[in-house]
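Summary of the model geometry
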Amino acid sequence: MTHDARPRLARLLLRILPLGERRADVEDDLMELFESRRASRGTRYARRRYFSDVLSLWRGRRRSEPRLPGQAESVRSSRFSLTDVFQDLTYAARMLRRSPAVVLITIVGLAVAISVGTSMFSILNIIAFRSTGIRDSSALVSVMRAYRNGAGNAWSHSEYLQIRDHARAVKVEAVLRDGASFSTSRDGDAGHGASLLLVSGGYFAMMLPRVSQGRLLTPADDEPGAQPVLVLNHAWWSRMLAADPSIVGRSVWLNGTPFVVVGVTERGFAGTADTPPAMWTTLANYHVLHGGPPLDRRSSTSVSLVSRLAPGVPIAQAEAALTSIVQSAGFGRGELVDPNQAVGPGSGGEYAPAAPEPVTGVRLLPFATRGGKNAGQVALIVVVVLTAIGLVLVLACANVTNLLLASAIARRTEIGLRIALGARRGRIVRQLLTESLSLGLIAGALGLLFTVWLLPILAGVVDVPDTFDVRPDGRAYAFLCFISILAGLGAGLAPSKGALRDARWPTSRRSSGHSTGSKRQRAVLVGAQAAASMVLLVLAVLLARGAAHAARLDIGFDASGLMTISAVFQRGTYDGPRAQAYWDSALERVRALPGVQSSALAEVPPFSGSSRVTVFRRARYTINHNDTQAGYFETLGLRVLAGRTYTPAEVSARAPVAVISEGLARDFFPGENPVGQPLGRILEGSQSTIIGVVSNAITARLRDPRAAAVYQPIHDMLAARMVVRAGGPSEALIKSLQGTFQSIDPGVRVGITKVSDGLDRQLAEPTALSMMASLLAAVALALALIGLYGVTAFVTGQRRLEISVRIALGASGSDVMRLLVRDSLRPVLYGLAAGAIGAALGSRVLTGVLYGLSPADPLTFAAALIVLLAASAGAVVLPTRRAAAVDPAAVLREV
Amino acid sequence: MKGERLGEFEEFTLLAVRALGDHTYAVPVQQFVEEATGRDVSLGAVYAALARLENKGFVRSSMAAATARRGGKSKRLYAVTPLGLRTARELHRMRQEIWTTIAEGRQP
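Residues numbered from 1 in each chain as written. Chains lettered and ligands numbered in written order. Predicted model: local features only at pLDDT ≥ 70, side-chain atom pairs only at ≥ 80, totals over all residues. Heavy atoms only, no water.

1. A few points about the pattern of salt bridges
Any two side chains of opposite charge can pair, given that their charged atoms come close. Considering all chains together, one arrives at 22 salt bridges over all chains under this definition. A salt bridge links B:D40 to A:R49, with the shortest nitrogen-to-oxygen separation between them at 3.1 Å. Of this pair, B:D40 sits in the loop between helix 2 (26-37) and helix 3 (43-56) while A:R49 sits in helix 3 (residues 43-62), on two different chains. Between A:D857 and A:R545 there is a salt bridge, and its shortest N-O distance comes to 2.7 Å. Residue A:D857 is located in the loop between helix 23 (813-842) and helix 24 (858-884), and its partner A:R545 is located in helix 15 (residues 516-552); the two are separated by 312 residues in the primary sequence. It is possible to trace a salt-bridge network through shared partners that takes in A:R37, A:R48, A:R49, A:D53, B:E34 and B:D40. (Salt bridge = Lys/Arg side-chain N within 4 Å of Asp/Glu carboxyl O. Helix = DSSP H or I, 4+ residues; strand = E, 2+ residues; numbered from the N terminus.)

As structure tokens, this is what we get:
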């Protein structure tokens, strides 16, 4: 057999041409023509014509109602088939294998971006979008007591019982307003602390969650004398008890009492609390945990009420029914709760008779829209985090786009050939999209691995409570898929458009890749990357500076050396007077200890939770309310700015006096002397008189620089805690304090904490936020630099010929460098400018978490600008230097 | 669709089939057209034109019995249909009329 003279590529193309039954005929025709041309005009001519004949067959398929003579129409009827997709995929795999370095960088970059994005989203999902796990929560309502101007959610236990017993059509359940943490160990001092929420027996029936183990609480568990039982939170059970399947029926010790675990909620159930508790028990166990008598019709312990609207019952009807009960029972006219004090702290003490505020009725607030105090804050974090995720993704996409653009230009020949061979444009776009989409999906899979690893770390960093489930849930997976696809598609669209436009065939081997379109596209991408990095960097620097600022924030008192002592009084053995005696004795002994400078009782020591009262004064205004002893101001070190503080005699007499903070005085009494004014001007209904103004102290949240506070004489000794100021090292003192309290009554469990620990916990929040932002900014910066480096290397590589000509014509190396660097940095500068403007506009939303730092902080912007300029100059100069060092003779010889 | 007009390349192809004495196949047609027009004609274009002509009903094809020349394989042969012939003639007559008009210098 002689050597086949026909062109090999043409033979190959002919072989893959779908000719069907006509194949033999067509091949014969081609062969006959080839032989006859070879005989008459030579092999070279015959080969050329053979090639163009084969191509014409391909083209013929595309153009002229693509049928070969005698070919059935149906052969080409399906435009899109699984075979095509498979073909695209195998081809994509082959293309990706061809440039492993580019692909690796792309995939890792995208994966990092995707996993950072998903982790951020998951945290957000846990904190902000967390579902309550309540079935049909739209019918669930908060039962609010309405006053003349406002509404509150605090009811006394006796009010709850009255409402429950009289409400026929509407079912009402109660939740103890204050969850508390208890040691779960038998001896009461080691072991995990676990938060516990007390609910009425019908609570779970109203929430309708499914159960994953055992059963839920029932009204029978809420009967007086019932065995103490618990239901565990699924997340806590998984995390702290390793999802022990034999837990049901076993006992958990709380406050020295065994509680039998009867069940575990289904995964994701959080209930009505802002922070889900580790476990739930019934209100019937209140006295077991908190001391005092069992709750009954006389108890004024504060609870909040929830209700579920029966199907078809309008909210107004339910409201009217409850209002009539409340009005006929005459709530607020007896010896009931002062609403302003009803927001009790700690373990939910008894409320003394106070100035009654008439309850005008009941308002029902849909639970879903309850949003409440955190809504604004959460919305802000959502906006910031989602913006940051978006920016990182834009960067990653821009990077991939850049790489694909570069390779698309390199592939113009291939694409041109495919078009010449009859590929429809749609088919090529599909091919390119398949390639970038598979990049996105591979990166997504890798990103998932990163996320699984990163998420617990991030959750630890931002201090997510252990009753939250931090594993990525369905929503997080959906988000990951979505952004992977988005990144893939987003990255692939622009290059495929450019590749199609630039495709030519036959194309010059030395095409410059410098069509204005793709050049502009690259410039826009580089600019976008620079802008996004600028925004993220400004964000990160602002948050970092905000965190530093928070650490230096003047909280108004010296937290070091300050300690808080809380006591849990055992079951029913203590009442008000006995607690008073206990504390009196404790104060006396503590003051005698060496190193103790002063001590006083207060309901809410600094950074130990807050007792906030919200008043409506034009806008929502939050006041920290604290009941204290006379020595509290001295112990904290607050200065008296006007009037005086109350005396020990006034405290014992529970005199109707109040001391307010400087900030509150300024906001409510501008230009007036607040001393002597009625407190009623601030807290509606209060009969107290303001007797003094003290300096501001931030004791609840660092974010709230207003530090509005009302101090009143302490009356609830069961809810009191002691604040101790010590001069010396507190470690030694803690030991002697423990001994001292032990000696007073070993039955009372005492917890000693340093106030500075609470402050540190508060500081952890801005630190975590700035860490997250820094992580994002670092990823963004790395992505932007990789992208910039890649583009510059590519463009300067494409301009090798031009550079060589310039050098050959006498340009110096530094001339060339200057030219190239200027060209490469121009889009970066535009991008940085745009980013700075964007950051200046966007950083305003951060005001709340900057602890008083201005969001337009010039130092931040300057720092970000300098870092980015220096980094991009570096990324540009490196490849440029290599390009400028070409040997012009060598390059020009290639031409 | 039947009874359509003829494109230029189709006309050449149709006439080539006729000139080659009907019952011809693609290769002679290609060679004929290339020679007659003096320009490169690809086999694909000839196939496409034949397919269109057949579609319009101007030529018909049939599978011929094996011939010795092609190693005993069968091939598709083409012949001009009466409709094709009429259409080509009509085209030719119209051209002739126009040329006559031009030669006589008459205004249409």
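2. Structural notes on a nonpolar patch on the surface
Taken together, A:L801, A:V805, A:L809 and A:L892 make up a surface patch of nonpolar side chains, about 340 Å² in accessible area. With respect to the element layout, A:L801 can be found in helix 22 (residues 800-808). (Patch = residues over 30% accessible without salt bridge, like charges linked within 9 Å, V, L, I, M, F, W, Y side chains within 5 Å. Areas by Shrake-Rupley, 256 points an atom, 1.4 Å probe, with all protein chains shown as cover.)

3. Describing the confidence of the model for chain A
Residue and element names in this part refer to chain A. Taken as a whole, chain A shows an average pLDDT of 76; of its residues, 78% reach a score of 70 or greater. Ranking the helices and strands of chain A by mean pLDDT puts strand 19 (residues 657-661) first, with 91, and strand 16 (residues 612-617) last, with 58. A low-confidence stretch, residues 333-356 (pLDDT under 50), is modelled with 58 contacts involving residues beyond four sequence positions or located in other chains. Contacts from residues 370-375, a stretch scored under 50 in pLDDT, to residues over four places away or in other chains number six contacts. (pLDDT = per-residue confidence, 0-100. Contact = heavy atoms within 4.5 Å.)

4. Brief notes about the nonpolar core
Burial of nonpolar side chains together is a common tendency in soluble globular proteins. Residues and elements named next belong to chain A. Membership of the largest hydrophobic core comes to 62 residues, with the highest contact counts inside it found for L395, M534, L536, V538 and V828. Among the elements of the structure, helix 5 (100-127), helix 11 (375-410), helix 13 (425-461), helix 14 (474-502), helix 15, helix 21 (755-798), helix 23 and helix 24 are those that each provide at least two residues to this core. Looking at this core element by element, the count peaks at 13 residues for helix 21. In this view, V828 contacts V526, A530, L788 and S872; residues no more than four positions away in its chain are not counted. If you look at the next biggest cluster of nonpolar residues, it comprises 58 residues, including A567, F569, V596 and A720. (Core = buried A, V, L, I, M, F, W, Y, C linked by side-chain atoms within 4.5 Å. Buried < 20%, exposed > 50% of the residue type's maximum accessible area, 1.4 Å probe, protein only.)

5. Considering the interface of chain A and chain B
Facing the 22 residues of chain A at the interface are 24 residues of chain B. Carbon and sulfur atoms make up 47% of the area that chain A and chain B hide from each other, which totals about 1800 Å². For the pair chain A and chain B, the number of links is four salt bridges. Taken together, chain A and chain B are joined by 10 residue pairs in polar contact (both at pLDDT 80 or more). (Buried area = accessible area lost by both parts, 1.4 Å probe. Polar contact = N/O pair within 3.5 Å; in protein donor to acceptor, adjacent residues only side chain to side chain.)

6. Comments concerning the packing of aromatic side chains
Residue and element names in this part refer to chain A. A full pass over the atoms with the stated rule returns 12 aromatic pairs over all chains. Where Y203 meets F204, the ring centres are 5.4 Å apart and the plane angle is 85°; that geometry is what we call edge-to-face. Residue class for Y203 comes out buried when judged on its relative accessible area of 0%. F204 sits in the buried class, given a relative accessible area of 2%. Within the aromatic cluster, the residues linked to one another by ring pairs are Y203, F204, F269 and W280. (Phe/Tyr/Trp six-rings, centres within 6.5 Å; stacked < 30°, edge-to-face > 60°.)

7. Overview of helix 4 (residues 82-104) of chain B
Residues separated by three or four positions in an α-helix point in the same direction, a consequence of the helix having 3.6 residues per turn. Given a rise of 1.5 Å per residue, 23 residues ought to cover 33 Å, and the 32 Å separating the end C-alpha atoms of helix 4 of chain B matches this to within 8%. When we look at burial in helix 4 of chain B, the residues that qualify are B:G84, B:L85, B:T87, B:A88 and B:L91. (Expected span 1.5 Å × (residues − 1).)

8. Let's talk about the packing of helix 1 (residues 8-19) of chain B against helix 3 of chain B
Residue and element names in this part refer to chain B. Between helix 1 and helix 3, the shortest axis-to-axis distance is 9 Å and the interhelical angle comes to 85°. Put simply, helix 1 runs roughly perpendicular to helix 3. Residues F9, E10, T13, L14 and V17 of helix 1 pack against A45, V46, A49, L50, R52, L53 and K56 of helix 3. For the contact of helix 1 with helix 3, the residue count by class is eight nonpolar, one polar and three charged. (Axes fitted to C-alpha atoms, helices over the stretch in contact; angles between N-to-C directions. Parallel < 35°, antiparallel > 145°, perpendicular 65-115°, else oblique. Nonpolar A, V, L, I, M, F, W, Y, C, P; charged D, E, K, R; others polar.)

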